[in-house]
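Report on the structure
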Amino acid sequence: MPDRSSSKLLRALLPLLAATGCDGCPSSKPYTPYTLGSATPSGSPPPLSGVAPGAADAGLEAGAPDAAAPPRFAVVPSVPAPAGGKQWPLEGGAVVAAPTGRTFETGLLLDADGDGARDLVVWARSPDGLRGELLLAPAARPQALRTLTALPGDLAAQGCTPRVALSQIGPSALAFDFAPQCGADRRAASAGATRWLAVIRLPGSAAGAGAPPELALELRLRTPPPEEALSAALEVADRDGDGRDDLLVTLGLSGALRPFHAPHPSPAPAPAGAASELRAPLIFLDRPAGLSRDAAQPGETLRALAASLLRDARGKATAPAVAAAAQRLRRLNAVLCADAAGGALAGRDAARAGEALVWTGAGPVRCGEPGLAAAIDNAEAVAASTRGAPLAAIAALDHGAEPRTKEADKLLAKLAPPATATAVYRTAAAPQPAGPGAFGPLAFEASGALLVRTAQGVVRVDPATSTESATDIPPWPAAIHAGPAQLVAVERRCDAPTLLALFRSSPDAVGEMEVPLPLLRSQGPRARAASPERCAGTERLPFSPLAASEGGFDIALGAALVSIDLRAAAPASSALSFPLTTPVPQGAARSPDGATLAVPAAGGLLVATAGGPARLWSGGDLAQGTACAPANGGARVACVVGAAAVIFEAK
């Protein structure tokens, strides 16, 4: 029995899929979808055979079968070539010889050119299997081999083993699937591996006897990271009632990137994005000039899923699961859409620059949903507000990939009302400069006095008496250490789908190690503006250190709080909830008692106290402030401004 989370997702999808065609019309001709497996998250080889009749529809919950509907087309898989693969016998005694340098691997016998005789459509491969052609041998002239399509030369994945499948998926459509299998131990080789799917259209009766088949569509599915799986299901049906069979390609994304967790089936209500596999369609309508993609999809489906998330965000029972579902929907958007915020370069070179994994013969898929990222952010923020997590809500609204909506601005003003900052004291002591991401040179004491780390030592500032005096307090280090490990930077990179924390395992270590963070590449602070379709290269992002211990680090990327655990053999990261319970090191963006933090977020300085309100400070010299530290209670904040430390209060 399908789980309820999957049912909820499919209830959201089905009206949209029905709206784009005429599957419910009396003239429609539904056929069994042909499913292309994908490498499972563990990296095991995928199944490549077609599904049995009706199997692909088992989870669609579309209701009872329609007794009046025409019989479904049963997928016809190809058969292996005769021993040796050098010859293939046809009906009537004719024999087809493989071209020089090629071996037949798998083929179909069917009337491919409408002359009433069974022809051979066959895959002929090179000895390494990484090159080849799909050939037609007409029954009337068996040796007059015709190339229907050839594997593009740039898809050969050295070090990988190809698996191929050829099937008839409808009365007038064949599907050829070339899937490199690289294995978990060949990750470097599989990074460029691309699955290639070609749809061949057989001529109709109007074309006349002897008309050759032709390539109707090609799809490229880049190999996702090992933790994810990308699948595709093909279905031919007359969706617009014009008597021509159109093509529906349903793409599915399952699994989860590290450090995210894949959803588990649950009988409890769950958001739409919590289904074990998220799906969205590409629809290609058959026109006289060829297949034409319906530009409404997959954008309509993605938008509907975002709207469903927002509905779930307002419910007490479903709100806790929305954050994870929102991340999965962002990821589906990035995988499918080259114009997703933070997406990829257009065209065939997308693999070198971004996340979009799907490419058609006409180019990358453009979903045309410029407000989708903001809608997902807003849903996640509403869910966090519903469950009483204002900092998580502010972090969701501060991803920066797209401008906030008016509704999001209203929610932000409710979660963190604006406050005008005023400078009340400027020190004579010059704080010691600290690089980005280091522990700052400022720290309040519980008494309200400010400690300033200078090049000569630590100075205590009493703003009440306007006095500054040297102390014997040892200067605290700027570097962020967890035992022998040092946190170096946080990066956004074109070749990584998540933000990455970089650290050295010891002071004398050669090179840096990476830890994926629970923020996708489109999230977190923006070091610089980037075109939605162009990755901006490697960016080192500003972050605020919050804690460091033998076990790891706590940091803030804007209002997003992240813990990095170095205790396990494989370092891991996770989202933090506020307030933090870790000790407060001097120079952190926290108050002495740990209950208040002050971090740059949402265009200002977010000052939040556990059990109290959060406020967004701005104004005056605060915009130039860095390395800010709050006092207990959050009434005062000190920041480095130029060559001085400035203490601010807000009204």
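Computed from a prediction, not measured in an experiment: that's the story for all the values here.

In terms of helices and strands, the chain carries seven helices and 39 strands. Counting across all 651 residues of the chain, residues that qualify as buried make up 53%. Considering only contacts within the chain whose residues lie at least 6 apart along the sequence, 59% involve residues at least 24 apart.

In this section: the sheet that holds strand S18 (residues 358–360). Strand order in the open sheet formed by seven strands is S2-S10-S11-S12-S13-S18-S19, with antiparallel pairing between adjacent strands. Edge strands, defined here as strands with exactly one partner in the open sheet, are strand S2 (76–77) and strand S19 (363–364). Sheet topology note: the strand S12 (residues 194–201)/strand S13 (residues 214–222) ladder contains eight bridges and is antiparallel. When the bridges of S13 are listed, Arg201 appears paired with Glu214.

Counted by the stated rule, this structure contains four aromatic pairs. Judged by centre distance (6.4 Å) and plane angle (70 degrees), the ring pair of Trp88 and Phe104 falls under edge-to-face. Of this pair, Trp88 sits in strand S4 (residues 87–89) while Phe104 sits in strand S6 (residues 103–110), placing them 16 residues apart in sequence. With relative accessibility at 3%, the residue Phe104 sits in the buried group. Ring geometry for Phe176 and Trp196: centres 6.2 Å apart, planes at 70 degrees, overall edge-to-face. Residue Phe176 is located in strand S11 (residues 173–181), and its partner Trp196 is located in strand S12; the two are separated by 20 residues in the primary sequence. An identical accessibility class is assigned to Phe176 and Trp196; each is buried. The structure contains a cluster of three or more aromatic residues connected by ring pairs, namely Trp123, Phe176, Phe178 and Trp196.

Attention now moves to the pairing of strand S30 (residues 544–549). Two elements, S30 and strand S31 (residues 552–557), share five bridges in a ladder whose sense is antiparallel. For Pro545, the partnering residue across the bridge sits in S31 and is Ile555. Between the antiparallel neighbours S30 and S31 lie two residues.

In this structure the tally under the stated criterion is 27 salt bridges. As a salt-bridge pair, Arg303 and Glu369 come within 2.4 Å of each other at their nearest N and O atoms. Of the two residues, Arg303 sits in helix H3 (residues 299–313) while Glu369 sits in the loop between S19 and helix H5 (372–386), which places them 66 residues apart along the sequence. The class of Arg303 is partly exposed, set by a relative accessible area of 41%. One salt bridge connects Asp621 with Arg426, and the closest N-O pair in it is separated by 2.7 Å.

Scored by pLDDT, the chain comes out at a mean of 83, with 80% of its residues at no less than 70. For the stretch residues 342–353, pLDDT sits under 50, and the model shows 35 contacts to residues farther than four places along the chain or on other chains. Low pLDDT, under 50, characterises residues 528–533; the predicted model gives this stretch 19 contacts beyond four residues in sequence or across chains.

Bringing the state of the cysteines into the picture now. Counted by the stated rule, this structure contains two disulfides. Disulfide pairing places Cys337 opposite Cys367 at an S-S distance of 1.8 Å. One quick way to see it: the torsion about the S-S bond of Cys337 and Cys367 is about -80 degrees, and its sign makes the bridge left-handed. Remark: Cys367 occurs in the loop between S19 and H5 and Cys337 occurs in the loop between helix H4 (322–336) and S18; sequence separation between them is 30 residues. Owing to a relative accessible area of 1%, Cys337 belongs among the buried residues under this scheme. The residue that forms a disulfide with Cys628 is Cys639, at a sulfur-sulfur distance of 2.0 Å. Classification of the bridge connecting Cys628 and Cys639 rests on its S-S torsion, roughly 115 degrees, and on that basis the disulfide is right-handed. Of this pair, Cys628 sits in strand S37 (residues 626–630) while Cys639 sits in strand S38 (residues 636–641), and the two are 11 residues apart along the sequence.

Once that is clear, we can look at the side chain of Asp238. Residue placement: Asp238 occurs in the loop between strand S14 (228–237) and strand S15 (246–255). Side-chain polar atoms of Asp238 contact the backbone nitrogen of Gly243, separated by 2.8 Å.

A few words on the pairing of strand S7 (residues 119–125). Within S7, six of the seven residues are buried, which leaves it mostly tucked inside the rest of the structure. With seven bridges connecting them, S6 and S7 associate as antiparallel partners. By the bridge assignment, Leu110 is partnered in S7 with Asp119. The pairing of S7 with strand S8 (residues 132–137) spans six bridges and is antiparallel. Residue pairing in the sheet places Arg125 in a bridge with Gly132 of S8. Hairpin connection, S7 to S8: the antiparallel pair is bridged by six residues, and Gly129 has positive phi, about 75 degrees.

Given 3.6 residues per helical turn, the α-helix brings residues three or four places apart onto the same face. The buried fraction of helix H6 (residues 390–397) is high, at six of eight residues. When we look at burial in H6, the residues that qualify are Leu391, Ala393, Ile394, Ala395, Ala396 and Leu397. Along its buried surface, H6 packs onto H5, helix H7 (406–415), strand S32 (560–565), strand S34 (596–601) and strand S35 (604–609).

Reading guide: rules and limits
Residues numbered from 1 in each chain as written. Predicted model: local features only at pLDDT ≥ 70, side-chain atom pairs only at ≥ 80, totals over all residues. Heavy atoms only, no water. Helix = DSSP H or I, 4+ residues; strand = E, 2+ residues; numbered from the N terminus. Buried < 20%, exposed > 50% of the residue type's maximum accessible area, 1.4 Å probe, protein only. Contact = heavy atoms within 4.5 Å. Pairing = 2+ DSSP bridges. Phe/Tyr/Trp six-rings, centres within 6.5 Å; stacked < 30°, edge-to-face > 60°. Salt bridge = Lys/Arg side-chain N within 4 Å of Asp/Glu carboxyl O. pLDDT = per-residue confidence, 0-100. Disulfide = S-S within 2.5 Å. Polar contact = N/O pair within 3.5 Å; in protein donor to acceptor, adjacent residues only side chain to side chain.

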